[in-house]
Amino acid sequence: MLNNTYFLWMAGSALIACSVHFLTAASMKKRGLLAALTMLFGTVLGVVFARVGYCLLQLEYVLGYGFADTLITDDMSMMSFFCGALGVILGAALAARCTGNPVMKTLNAYAPAGALLASLARFGEHFLGLICAGNYIENEAFFFFPAAVGNEWGEWYIAVHVYAGLLYLIVFVVSLLKFREKRFLRTIFYLCLAQVFCESLRNQSLIWSQFIRVEQLICMLTAEGILIWLGIRAKQEKKRFLPAIIGVLCAGVFVAVEFAAGGKLFNGVHPIFFYLVMAAGLAVLGVMESWLIRRQPA
């Protein structure tokens, strides 16, 4: 069912991100038009990619439900956040072409605004009910918002959208104030790390084979791909592929965490312990990325 409050929130979020983009694109040609076209193209392509991406990632289910019905449904659970973000990025690249700006330079300028838009989009999931909520909470001490969200039957679930929004907001601030070189790649990297963690908390992830959280996997592969790319460019560093190797090892740890947190391993250990292990692994990847960035050619 359509949610007018959610769409109003997203419209306001797009305008806020557009304003930030206008400020960060000070060195770009036709920056007003660039920001406006990025918002326009990003909105259209973001929605299209989010729905089509869902259909491709959940093809077995969609074929049973009906491809055409899935494309035109107003069910907001049938959307891929990652694919929607990809559509927004493509919209920014297309806007760069239309205004005569270099694509990568444009994406570097847009990165903070894109991270802010992603953060606001996550916060906006509050208006979608429990579609984007996390796992069931048994401890009554956490029966309050923003730690959790409840339903009409008094059941409470982890408010994953709040945690994701806060983590993305941190990435936005760091991207805006700290990242200079390779701002776009670095922003994407840390957004993906945040989502690897948050996706593990979700109750209704896109799933393959009853186990693999699709968007978590895609985010991890994206982060690993960035480490490999940065390693290829750091030709003067002998240990340039060490971060990518550590990334593979961390991915193995994360798979074990998924099994353990789901009660399939180490019964009796509180799930928080396993999530702390995952957070530690993600922190290691952040350190590795920072180490590799300092070894990039000028």
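Use the structure listed above.
Let us look at the structure shown here.

The rules behind each value
- Residues numbered from 1 in each chain as written.
- Predicted model: local features only at pLDDT ≥ 70, side-chain atom pairs only at ≥ 80, totals over all residues.
- Heavy atoms only, no water.
- Helix = DSSP H or I, 4+ residues; strand = E, 2+ residues; numbered from the N terminus.
- Polar contact = N/O pair within 3.5 Å; in protein donor to acceptor, adjacent residues only side chain to side chain.
- Contact = heavy atoms within 4.5 Å.
- Phe/Tyr/Trp six-rings, centres within 6.5 Å; stacked < 30°, edge-to-face > 60°.
- Lys NZ or Arg CZ within 6 Å of the ring centre and 35° of its normal.
- Buried < 20%, exposed > 50% of the residue type's maximum accessible area, 1.4 Å probe, protein only.

Structurally, the position occupied by Asn108 is in helix H6 (residues 103–124). A distance of 3.4 Å separates a polar side-chain atom of Asn108 from the backbone nitrogen of Arg183. With residues near it in sequence (within four places) discarded, Asn108 still touches Lys182, Arg183 and Phe184.

A few words now on the packing of aromatic side chains. Enumeration according to the criterion identifies nine aromatic pairs in this entry. Note on Tyr6 and Phe7: the rings are 5.6 Å apart at their centroids and 70° apart in plane angle, and the pair reads as edge-to-face. Taken together, the ring pairs connect Phe179, Phe189 and Tyr190 into an aromatic cluster. Taking NZ or CZ as reference, Arg31 lies 3.9 Å from the ring centre of Phe22, over its face. Across from the ring centre of Phe81, 3.6 Å away, lies the NZ or CZ of Arg122, which sits over that ring.

It is worth spelling out the side chain of Ser205 at this point. Position of Ser205 relative to the elements: it lies in the loop between helix H8 (183–201) and strand S3 (207–208). We classify Ser205 as buried; its relative accessible area is 11%. Polar contacts involving the side chain of Ser205 include one to the side chain of Glu199, which spans 2.9 Å. In this view, Ser205 contacts Glu199 and Arg213; residues no more than four positions away in its chain are not counted.

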